[in-house]
Amino acid sequence: MRIGRRDFLQLLGIAGAASFFTPGAVQAAWGGESDPYEIPDYGNVTLLHMTDSHAQLLPVWWREPDTNIGVGPVLNQTPHLCGKWMLDYYGVTRGTADGYAYSCLDYDTLAHHYGKIGGYAHIASLVKRYRQQLGKRVLLLDGGDTWQGSATSLWTQASDMVGAQNLLGVDDFVGHWEFTYGQDRVQHLVKNELKATFLAQNIFNTTWQEAVFKSYRIHEVSGRRIAVIGQAFPFTPIANPAYLIPDWEFGIHTQHMQKVVRECREKEHADLVVVLSHNGADVDKKMAALVKGIDIILGGHTHDIMGPKPFMVNQTLIINTSTNGKVLARFDLDVGKGRLKGWRFHYLPVFSNLIHPDAEMAAYIEKVRAPYRERLEKPLATTGSLLYRRDNFNGTFDQLLCNALREEMDCEAAFSPGFRWGYCKLPGETITMEDVMGQTAITYPQVTINEYTGAEIKNIMEQVADNIFNPDPYYQQGGDMIRVGNIQYAFNPDEKIQHRITNMRIGGKMVSATRKYKVAGWASMHKSEGKPVWEIFARWLENKKHVEVEKMDLPTLNGDMRSNRGIADPHPYGL
Amino acid sequence: MKNMKRREFLGTGLTATTMAAVAGTGLLRSGMAFAGNVAGWPAKPFEEKKLAAAMTDSIGKTEIPVSSKVRLSAPSIAENGAAVPVTIEIDSPMNADDYVKTVWLFVDHNPTPLASQFNFTPGCGHAFIQQRIKMAKTDNVRVVARTSKGELMASAPRKVKVTIGGCGG
C-alpha cells in the first residue's frame, strides 16, 4: 500500500506528525503489507455510513473520552466504556492502530505514531474505491452534524460542506446542528444546493403538525427495495436556540416512527428498513426496543465508538459511527425478498496517513479554504499540554476557555457548554485561529455575564446533569456536563435531579444559595448581545503566548463510580 | 376560579365537544364562547386543585385500569412548557353500540389538574384529539376515557420534562 506522503503534506500545509513518516513506519504499524481497507466481497447491498464530521474537511487529532459514564440500563454497556474497558470489550490490543482509534490510552504518544484521522479527501478516496469495486450497490448515508464545527462552515454558512457532500456523493442526510443556521437557510440549501435527500420523520410544522421533510426514501439496489428513514436530533429546540427554527417541532415520535416503518414494509414493499438516526446511542437502543421492523439503525450524535461489532436490540442492528471523520462504517448485506438474510460489518478508522487523498476533493478543499487562509492560519499561542474537549465533565481545551472567560470578563466563575465536538491539539503545537474556531464556531457565540445566585447556579448544573445522566434515555439530550471554571463540587450520577450535586464551592468557598455571583458564559439559548467567544478566547491566547493546563475543574465522584467502566482512570475524580 | 378562562369548541363536522381549561396561554380571542356561559359546563372538576379531587369530581373514582387502547403521546422533553403538544388516540369501533363517549386529560400537579374534557358521539368516527397544554414544571400527563357502555380505561401516565436547555451535542 502506498502512502501519499507528499500529497498529504501538501494538503495539510504542515507536517503534523513528522516521526510517523520514517521509512517502514506504516507497514510496521499495520503488521505488514496488508491493506486494512480491502474488504472481501459479500452480499448484494453495501451501506456506507459517516456521521458528525462537524465540518472538518481536513484530518484532525481526535482523542476518545476518558470518561463516558453510563447509568441505569446502559451501565457498563457499550458505548459507555472507556480506556481499557473499551479495548477489552471489542478485543482490541492497546498500542495498536485500532487501540489508538478506540481508546484514550497513551493518546499523544500514539498520535505521533499513527497520525491524524479523517479528512474529506481521504474519506472520498475510500468511498470512490468502494464505488468502483461495487458499482451501484453502494449507498452513502450521512448522519448529520456535517455543516457545523469549523470556521469555513460558519463563514460560508455551510456552503463549503454542501459542496463537499455533493462531491462525495452523499445519498441521504439527516440533521441537528444544521438547524442552527436557521430554518430559511436550511430550506434554501436543502432545496437548491444539496444533492442528497434530507430526511426527517420527526420534524413537524408547529401550526399544522405536518411533516416538514420527507420521512423516508426508497432506493432500488440490486433489485431490492431499501428504505432509509430519517431521524433528526429530537431535542434540537431544547439543546440549541429554538428561535432559529420557530416554525418546527421536533421530538422522538416513536409511534410515528412505527407508522413509517409499517408504511415502508407494507405500502412500499421494502425488503430492508434502515434508520439514519441522529438520536444518540442510548436513545437508538430504546427506540429499537419499542419499534418493530427496523433492520439497521445507523446512529450518530453521541460521537461514540459503537463498532466494530454492532449492538443488537431484538432484531435490530445498531451502530454509532464516531465523529470528525474518524470512522467510515460499512455494512455488506445479503438482502432477500422482504428480509435481511445475512450481513458483515466493517468499522473502518480513517487513518489519513494510510490513505492517498482524492485529488478532486483535495482541490475542492483547497479552493474553499483559499479566501480565508490568512485568517485561519494566524498563530495565537503554543500549548505545552494535550488539548481536548470530549469528556463527561471537562476537557483541557474547555478549561482554557473557562479560564479565558473568567479573566477577560472579570468574573469569579465561568460556564461553557458541554459540546462533544472540538478536535485536539498535541503538546508542542501552535494554536491558530482555525483551532479556536474549531472549539467555538456556532451561530449564537455571544459571551454574556450573568449575576446568578448560588441556588440558580446549582439549578443550571442539576438541569444539565439530568439531561446526561437520567436513567431513561428518552430524557437524555446527548452532550456532556456543563463545563465550569472555578466551581468545585461533588457529584453522584446515580442520584435524581436536584440531588446529584453536593458540597458546591466557588473559589474554594461554600456557595451561598442567596448570594449573587458573577458568571461568564456563552452560547445562550436566548438572543443576546455580546462579543463572539472566539474573539475573547483568541485575545486571551495571544496575550498568554504559551499555555499549559495544570489543574482542571473536575467534580469529585461518589465511591460507586470507582468500578464504573465508563471511567478510564478514577484518580482525577478523587477515587 | 380566579383568572380561569374557558372555551367551548365545536369541531366542524365532527360534533365533538371540547371543554378545556386554558390558563393565560393567550390562545383566546375575543368572540370565542366562554364555557361559563355554556349549559352543562362541568365547573367543579375544572376548578379542583388536586388530581384526586379533580378525578373524583369528573370520573367518580381515582383508580382506573390502564389499557393499551388508550394511546397518549407527548414529548419526553417539552420544547416549550407554555404549549406542550399532546395527542390522544383511542381504539374504539365508534358505532352506536360502542363508542368512546368522554375523554379527560389531566396534568398531575398543574394548579388545576383537569386540563380538558372531550365529549364524542358515534358520528365522530374516530376518537382522536390533538391539543396543546401548559405545564409549569416536569410532570405526568394522563388520560382517562369512558365508553358508551360505561367502561373506564386510562393511559399509562406520561412524564413530560420541562427543563432549561443548552449544551446538547
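What you are looking at is a predicted structure, and each value in this text was computed from that prediction instead of being measured.

Draft legend 1. Structural detail: helix α5 (residues 107-114) of chain A. Residue and element names in this part refer to chain A. Those residues of α5 that fall on the buried side of the exposure criterion are Leu110, Ala111 and Tyr114. Seen end-on, α5 carries its buried residues on one side only, within an arc spanning 110 degrees. Positive phi appears at Gly115, one or two residues downstream of α5, with a value of about 85 degrees.

Draft legend 2. Quick peek at the packing of helix α16 (residues 433-440) of chain A against helix α18 (residues 533-544) of chain A. Residues and elements named next belong to chain A. Here α16 crosses α18 at 135 degrees, and the two axes come no closer than 10 Å. Classed by the angle they form, the pair α16 and α18 counts as oblique. Classified by chirality, the crossing of α18 by α16 is right-handed. Packed against α16, whose contacting residues are Met433, Val436, Met437 and Thr440, the element α18 presents Val533, Trp534, Phe537, Ala538 and Leu541 at the interface.

Draft legend 3. Examining the sheet that holds strand β1 (residues 45-50) of chain A more closely. Residues and elements named next belong to chain A. Read across the open sheet, the 6 strands follow the order β4-β3-β2-β1-β13-β14; overall the sheet is mixed. The strands lining the two open edges of the sheet, one partner per strand, are β4 (197-198) and β14 (339-349). Relative to β14, strand β13 (residues 327-336) is paired through 10 bridges, and the arrangement is antiparallel. When the sheet's bridge partners are listed, Val327 is paired in β14 with Pro349. The strands touched by helix α6 (residues 120-134) within the sheet are β1, β2 (138-142) and β13, with β1 carrying the most contacts at an inclination of about 175 degrees.

Draft legend 4. Layout of the confidence of the model for chain A. Across chain A, the average pLDDT comes to 94, with 94% of residues at or above 70. Below pLDDT 50 for its whole length, residues 1-25 of chain A participates in 31 contacts with residues either more than four positions away or in separate chains.

Rules behind the numbers
Residues numbered from 1 in each chain as written. Chains lettered and ligands numbered in written order. Predicted model: local features only at pLDDT ≥ 70, side-chain atom pairs only at ≥ 80, totals over all residues. Buried ≥ 20, exposed ≤ 12 C-beta atoms within 10 Å, placed from the backbone. Helix = DSSP H or I, 4+ residues; strand = E, 2+ residues; numbered from the N terminus. Arc of directions from axis to C-beta. Axes fitted to C-alpha atoms, helices over the stretch in contact; angles between N-to-C directions. Parallel < 35°, antiparallel > 145°, perpendicular 65-115°, else oblique. Left-handed = near helix turned anticlockwise from the far one by under 90°. Contact = placed C-beta atoms within 7 Å. Pairing = 2+ DSSP bridges. pLDDT = per-residue confidence, 0-100.

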